[in-house]
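The residues making up each chain are set out below.
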Amino acid sequence: MGTNSKSSHASYAVSPTVTTDSPSAPVALGTEPPPEPATLTDWETELLQSTAPATEPPAEAAIPEEDGGAPASAGDSAGGAGEDTTEVAAEPAYSGEVGADPPSEGLEESAADQQAVEGDQPANEDGVDASGLSAEEVQVEEPDEEETDPPLTPVPDEPPVGVATGTPVLVGGEDFINSQATLVAYASADGPREVLLAHVSEEAESKLLEALSVSGTKMVDVEVEEEVKERLALDKEKQLGELVTKATTSVQHKLKDNLPMSEASIQKHQQALDAVNSVLSSADLSDAEKEMAQYYLDQLNVVGEKINNGGETMPHFEQFGHMVTKTVTKQIPAPADEPEPGTLAAQLRDASRIKAQLDPQTGESSWDGTSRSKANGKEYSVDLSDGWSAVYRPYAANDPSKTEFSMRGQLEVHAPVGGGHGKELVDRLEQLHLVNAPMTASEGEWTYLTNNVAAQGLDKGAAVKAAFAEAKGLEDLQVQELVHQQASSLIGLDEDALHYQVKRIQLEAAKTVLPKKVAVLREAVAKATGFDSGDALAASSGYDPTPATSGGWLTWSRFDVAGNAAEVSKAFSGKSLTHNIGGGEMTKLFATGVLASTEKRSVMGIGGGVGMSEAADKYSGGANSVFLRVRNTPSNPGGGRLIWDDPSVLMRRSDYYAYDGDHYGAINPAGGKSMHGMTRDPMKIASFSQSNNEIMFRDGIDLLGAEAPSRIMCEYAHERTEMLEFFKKRGITHLRGKAVEDVVQSAY
């Protein structure tokens, strides 16, 4: 629902320019079809049946050396400013199928260029080549790839234990949303519990499912002990929960729509108050019953204050419950029979999430390795052998109209107990047929460009569509060339072995041809945004294809904002971005250093009830983001707020989207919440006028670094003193260059 007390979304940032080599994409633009099924394709079958190895690649399979450029269209424009994020499915310029006629222009020149690069020069009788150098002088040691193009985010051997946000890393390829994964090492009594968390793109799911041998049809009954939340018998008897809920809902409706309080709302509040006070005055209440009645009284006091004074909407309210352990009978998929050769044993089961615990004082996150909370949907539990396992929540098995939309595509990879598994956690992705190499610096530019295409709404332009098609064609050509080069080693392989080798060839082709793909896309994006060329775009002040760390996440910037900061600041003149933390404690929020999304909070160990509409957001898709509002800059704001008086600090990011109204952060077309009016245009966002507008930032916002708020508003002076003491203990003296004494303020 609204935005007032949500702590749920993501971020982006900036760095140096890459102009030649490049990357692998993260944002789901839908430009490539899903990977082929496990059965062999026609051209794989043709290879299998072939008898004569092709030792030399045919000339027509060579790839032109020129970067060329995306074919420009006279009618091409920058498109809309960013509202429409509809996926674009572009047809490749060349299919790459055996027997098809690839473009021949420039092929002879390409072969000559490659010969020159490889130093394949004719030598005379004395061993001296045409350049006048001897064979010994010509032989140059190849530079180490790690040195020439190191990972953008090196993978740590041991992620720091207990850090709730984990360590973000970038993975090459397009298998993960924003190409990002997070390594988390939970503290536990037995030693670190290291887990890789990532969000698989929908286009990559078919590859992952090919790796599994799933038992999902035969079910068996099992008795399990579960912790469940139950209401007290006295609560049910007196219907306290129902009465308080009715009063809260009635007043919340008036606040949300800025309506005057009705007599009916006042009567509902009084009726609930009388019932709760009656219970509190009873003798012989148990401790649990006293806690329950006081909980309801506290909520009614908040409702009463809103009846008298109005103001922002209230945080989400849940009826009181206490945890009890019960033995229940459940049906689960039967253990899989022996998995098929080359696949992993997996079971389809009810969805769940890691149930971690967060120390509110230290911010340390812990998990026993087994406890999980329930979710509405299905997931695969995968045995990776040797004590390794994975959990995956598939798109295909979770109907977006009935299950939690925000969890679809989530992946967990679990290491055996103990530390030191950081690199292997990434390596193990290969078992799931997913890219497992850290993203290199040159690969990052593709992700940066595709993020900007989505953020700026450039995917509708003809030149950008053509560039994606051309990039796909280049990759298909590269696959064909590699197949011909390696044909002799492919002949005679059985279907499983051949299919595996072709998968590896496709990954190699994607990496090899990436610099050319980046150059094509950069040229098209440049023309769509008014630059003379791709080089001119890359040299512009706002262009920064290196991600920045934002708390526990990595963020990419958008060059249209970073390069026009003054214009964006002018548009937001007199406006601020705000976040109401509701009933949460400010020191607990800053213990983690981030404002985190509902989904991120769940794996960090932060319990539910912090956000305003956490349950609804899981179905709308808003649970993957944090919510802020555009407000007229308040001179005397109330307490419990974070304020960004310079919105451009956050508007540089490329991951946000917004509504001028309360849409629960909807990104699920089947979620029952309207997506009409969604925009990613900062200029439109600056003009928002509705009091319940919302801006969603994916994953979270860094509260202690470059994205820190300009004002932290406490309710009372003693809370401000507590916050300043907290920062003093942490050794934090400034936030974004401003002394904490000036940042932390109190309303009273």
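On inspection of all chains with the given rule, the structure shows 24 salt bridges. Between Glu-430 and Arg-504 there is a salt bridge, with the nearest N and O atoms lying 2.6 Å from each other. Taken together, the positions of Glu-430 in the loop between helix H10 (422-427) and helix H11 (444-455) and Arg-504 in helix H14 (residues 495-528) put the pair 74 residues apart, joining distant regions of the chain.

Moving on to the confidence of the model for the protein chain. For the protein chain, the mean per-residue pLDDT works out to 80, and 78% of the residues sit at or above 70. Considering only residues more than four positions removed or in separate chains, one finds that residues 47-147, a stretch of pLDDT under 50, has 152 contacts.

What follows concerns the pairing of strand S15 (residues 575-580). Buried residues dominate S15, accounting for six of its six residues. A two-sided burial pattern is seen for S15, the buried positions comprising Lys-575, Leu-577 and His-579 on one face and Ser-576, Thr-578 and Asn-580 on the other. As judged from the four bridges shared by S15 and strand S17 (residues 625-632), these two strands associate in the antiparallel manner. Opposite Ser-576, over in S17, you have Arg-631 as the bridge partner. Across four bridges, S15 lies against strand S18 (residues 641-644) in antiparallel orientation. Pairing of Thr-578 across the sheet is with Ile-643, part of S18.

Let us now look at the side chain of Asp-175. With respect to the helices and strands, Asp-175 occurs in the loop between strand S1 (167-170) and strand S2 (176-186). Among all residues touching Asp-175, those that are not within four sequence positions of it are His-199, Val-200, Ser-201, Ala-204, Lys-207, His-433, Leu-434 and Val-435.

Here we come to the packing of H11 against H14. One way to put it is that H11 packs onto H14 with a least axis distance of 10 Å and a crossing angle of 30°. The orientation of H11 with respect to H14, classified from their angle, is roughly parallel. Crossing of H11 over H14 shows left-handed handedness. Contact residues: Glu-445, Trp-446, Leu-449, Thr-450 and Val-453 in H11; Leu-514, Lys-517, Val-518, Leu-521, Arg-522 and Val-525 in H14. Across the contact of H11 with H14, the residue classes tally to seven nonpolar, one polar and three charged.

Turning to unusual backbone geometry, a few remarks are in order. Here Asn-178, not a glycine, exhibits a phi torsion of approximately 60°, which is positive. The topology assignment puts Asn-178 in strand S2. The backbone of Arg-736 sits at a positive phi, close to 50°, despite the residue not being glycine. Locating Arg-736 in the fold gives a position in the loop between strand S23 (734-735) and strand S24 (738-739). With a relative accessible area of 34%, Arg-736 lands in the partly exposed category.

On to the nonpolar core, then. One finds Leu-577, Phe-590, Phe-697 and Phe-727 to be the most contacted residues of the largest nonpolar core, which totals 38 residues. With four residues, the single largest contributor to this core is helix H23 (residues 717-730). With residues up to four places along the chain from it excluded, the contact list for Leu-577 reads Phe-572, Leu-628, Arg-629, Val-630, Leu-642, Ile-643, Trp-644, Pro-647, Leu-650, Met-651, Ile-695 and Phe-697. Ranked by size, the runner-up nonpolar core spans 31 residues in total, among them Val-200, Leu-384, Val-426 and Leu-434.

Between the first and last C-alpha of helix H9 (residues 287-309) there are 33 Å, a value that for 23 residues agrees with the 33 Å anticipated at 1.5 Å per step. Every buried residue belonging to H9 is among Met-292, Ala-293, Tyr-296, Leu-297, Gln-299, Leu-300, Val-303, Gly-304, Lys-306 and Ile-307, and all of these are buried. Phi for Gly-310, located one or two positions after H9, is positive at around 65°.

Analysis parameters
Residues numbered from 1 in each chain as written. Predicted model: local features only at pLDDT ≥ 70, side-chain atom pairs only at ≥ 80, totals over all residues. Heavy atoms only, no water. Salt bridge = Lys/Arg side-chain N within 4 Å of Asp/Glu carboxyl O. Helix = DSSP H or I, 4+ residues; strand = E, 2+ residues; numbered from the N terminus. pLDDT = per-residue confidence, 0-100. Contact = heavy atoms within 4.5 Å. Buried < 20%, exposed > 50% of the residue type's maximum accessible area, 1.4 Å probe, protein only. Pairing = 2+ DSSP bridges. Axes fitted to C-alpha atoms, helices over the stretch in contact; angles between N-to-C directions. Parallel < 35°, antiparallel > 145°, perpendicular 65-115°, else oblique. Left-handed = near helix turned anticlockwise from the far one by under 90°. Nonpolar A, V, L, I, M, F, W, Y, C, P; charged D, E, K, R; others polar. Core = buried A, V, L, I, M, F, W, Y, C linked by side-chain atoms within 4.5 Å. Expected span 1.5 Å × (residues − 1).

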